[in-house]
Amino acid sequence: MEERITQKASPLKGNIRELGILIAFILIVAFLMMLSPAAFARPSNLVNIVKQASINGILACGMMYVIISGGIDLSVGSTAALAGVMAAHYAHPGEYPLIVPFLMALAVGALVGLLNGAGVAYGEIPPFIITLGTMTAVRGVSLIASGGAPVFGVSKAFEHVASGFLGGIPLLAVYFAVIVAVCAFILTKTVFGRRVYTIGGNETAAQVSGIDVRHVKLMVYTLSGVLAGFAGLLLASRTVSGSPTAGTGYELDAIAAVIIGGVSMAGGAGKWYGTVIGALMIAVIGNGLDILGVSSNYQLVIKGAIIVLAVLIDIKSKARRD
Amino acid sequence: MNARKLTALCLTGMLTLSLLAGCAPAAPAEPAAPAEPEQTTKKFALFMSHMSNAFTIELSDAVKAQAAELGAEVTVNDASKDAAKQISQIETTVNQGIDGIIIEPVSVDAIVPAVKAAKEAGIPVVIVNQQISDPAAASAYVGVANKDGGAMEMKKAVEDIGGKGNIALLLGPMGSDGQIGRSEGYKSIIDQNPDVKVVFESTANWTTDEALKLTENWLQAGKELSAIVAQNDGMALGALKAVEDAKLQDKIKVYGLDATPDALAAVKEGRLAATVSQSTTTQGLEAMKAAFALSNGETVEPVKLVDFTLITQENVDQFIK
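Here's a quick rundown of the structure. The structure displayed is predicted, hence computed values, not measured ones. (Residues numbered from 1 in each chain as written. Chains lettered and ligands numbered in written order. Predicted model: local features only at pLDDT ≥ 70, side-chain atom pairs only at ≥ 80, totals over all residues. Heavy atoms only, no water.)

**Digging into the state of the cysteines**
Residues and elements named next belong to chain A. Applicable threshold: Defined by distance alone, a disulfide is two cysteine sulfur atoms within 2.5 Å. Under the scheme applied here, a residue whose accessible area is under 20% of the maximum for its type counts as buried, over 50% as exposed, and between as partly exposed, the area being computed with a 1.4 Å probe on protein chains only.
Enumeration according to the criterion identifies zero disulfides over all chains in this entry. Just so you know, Cys183 is unpaired, no disulfide at all, and the nearest cysteine sulfur is the one on Cys61, 4.5 Å from it. Residue classification places Cys183 among the buried positions, given a relative accessible area of 4%.

**Structural notes on the sheet that holds strand E7 (residues 196–203) of chain B**
Residue and element names in this part refer to chain B. Our working rule: Here, a strand pair is defined by DSSP locating no fewer than two bridges between the strands. The helix and strand labels rest on DSSP assignments: H or I over at least four residues marks a helix, E over at least two residues marks a strand, and numbering proceeds from the N terminus. Whenever a helix is involved, its axis is fitted only over the stretch in contact; in every case the axis is a line through C-alpha atoms, and angles between N-to-C directions fall within 0 to 180 degrees.
One open sheet holds the four strands; their spatial order is E7-E6-E8-E9, and the pairing between them is parallel. Since the sheet does not close on itself, it has two edges, and those belong to E7 and strand E9 (253–255), each with one partner. In this sheet, adjacent strand axes meet at a mean angle of 20 degrees when their direction is disregarded. Here strand E8 (residues 227–230) pairs with E9 via three bridges, running parallel.

**Brief notes about the environment of Gly201(A)**
All names here are of chain A. Let me state the cut-off plainly: The contact criterion used is simple: two residues touch if any of their non-hydrogen atoms lie within 4.5 Å.
Assignment of secondary structure puts Gly201 in helix H10 (residues 191–201). Its relative accessible area of 54% is what places Gly201 among the exposed residues. Taking C-alpha positions, Gly201 is 3.9 Å from Gly268, a pair spaced 67 residues apart along the chain. With residues up to four places along the chain from it excluded, the contact list for Gly201 reads Gly267 and Gly268.

**A short note on the nonpolar core**
The line we're drawing: Joining through side-chain atoms within 4.5 Å is the link that ties buried Ala, Val, Leu, Ile, Met, Phe, Trp, Tyr and Cys residues into a set, and such a set is a nonpolar core.
Grouped together as the largest cluster of nonpolar side chains are 93 residues, with contacts concentrated most on Ile58(A), Met64(A), Leu234(A), Trp272(A) and Val284(A). For this core, the element with the highest residue contribution is helix H4 (residues 43–68) of chain A, accounting for 14 residues. Discounting chain neighbours no more than four positions away, the residues touching Val284(A) are Phe25(A), Ile28(A), Val29(A), Leu32(A), Phe40(A) and Ile49(A). Within the second largest apolar cluster, 33 residues are counted, among which are Ala168(B), Leu214(B), Val243(B) and Ala266(B).

**Here we look at unusual backbone geometry**
If you check the backbone angles, Val240(A) has positive phi at about 50 degrees while not being a glycine. Examined against the element boundaries, Val240(A) turns out to sit in the loop between helix H12 (213–238) and strand E4 (241–242).

Take a look at the structure:
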């Protein structure tokens, strides 16, 4: 993971926006290493951090597409909860093969994503409004679908989806790496990826130049939905239950990761590795403060301050170079 | 172009409908009710703080079951954790006329004026589960003292680890009544055991995923833990998952509170050391009985405390339904 970031981020000449955030990230890591050298820097803890960054990181990948296209998706936390509930329903031991809860979670995500996308692209509803609506409605649906209580009693195979290992690396981290790789490839190497940037940069110009703006938007929200569905599956597997109230506030963590990573809220600009650093940064802060035994009340204050500070460093370092 | 707009409109309409469907159970009393001329069956209303976990569902089911047994009708109002919403639900119902109301409060302070207004209108008010800050405003209270539940859980944990060792506490949302009461109960036991040291203490907001993440981080800190004591079962199960993933289940015991079905299953399997039942069903049954008695002009005890029960592997079978 780390290796890939430095490799890709090294030709930074044209990508100065992400440099500030990388510096902030390194500073925070160095600071935490100084404060608790024995516990924080242990390899097992570094693996733990990547594992904890995974679910938010996967949501952030989808969110990144949406924000670059000039939109926002507030529904991902609720979508993850509904996907988790539906997956858990079909994951009781000896009932259905593992593929059923798997596809169920992805289908739930795709459906909510399609609804968001159709609303934005064809209904011309502002993304904030439509996804606020689905965020609320989908939370209600997940409470209805679960009868208000967590769905438990899932099979060992289902539990293994998130808690397993592949050659010593947690599967969660493996999924995260694969999804980052695929998302980065689509964003930087395909026509579709370039169109996402173009639409976010100047929608009218994109339209005039013959891009099917609506189709691209529909795809972007669907992608975000599918990734939210997958994150919900992982969340349910990780907590061995499908909780209708899970994932509350996850949309904000995903947005924070994307913004910390230097993606412009206005759309049209941002790099995939910025988002990865953003997701890692949020996990590092939480992990470091928990290890230090900092009270949760202070953690909220510190986290908020670090988010603002990180973006401030980013803005200042960018201004200096410009 | 227009066809597309139409499709979009349809989609929006569907979304609005699904939104409404999501809200429907929360709507106050059915409009058909007041139109009924004869008043043979007594009508009651139950006001729940929310209907989104096993506890609130069990409590409202118990009230409904008792009402059915008494031949009374009960409508359930869901305030979705919003105190202002609960107040307006109570006011609406009081205005429509009702034989008695049962309230599981969102906030122990905020609803006091609404309770007073109901009582002034001559309607018996029974508070359930959490006592309001002005107990005299209501007719009766049926519930538990959170402090006792916390103390019972902590006492068991301290006994199990032999009265000494490092422990970690997973708390409910800071400042919530459950968190404050249960923490007081914890403290009363910890203060008597100077060799028990609280090395970590943080909120996981009643949720499994937050507790899981928090415990994973604590386990990385390199401090030896003997027990993790959580203020509800959802968080206890998150901590248990982290402990089992780290293969530390032989060293660290995990304790919960609430006796939810999944926690009971974990106690039966010998994974969760213990949980505490706040006798939810009994609370619901007693609350409905009290409201019914009051509506007949009978007197009831102003405060009825239901006992907590400690559940371990030995007695868990009595509680699994």
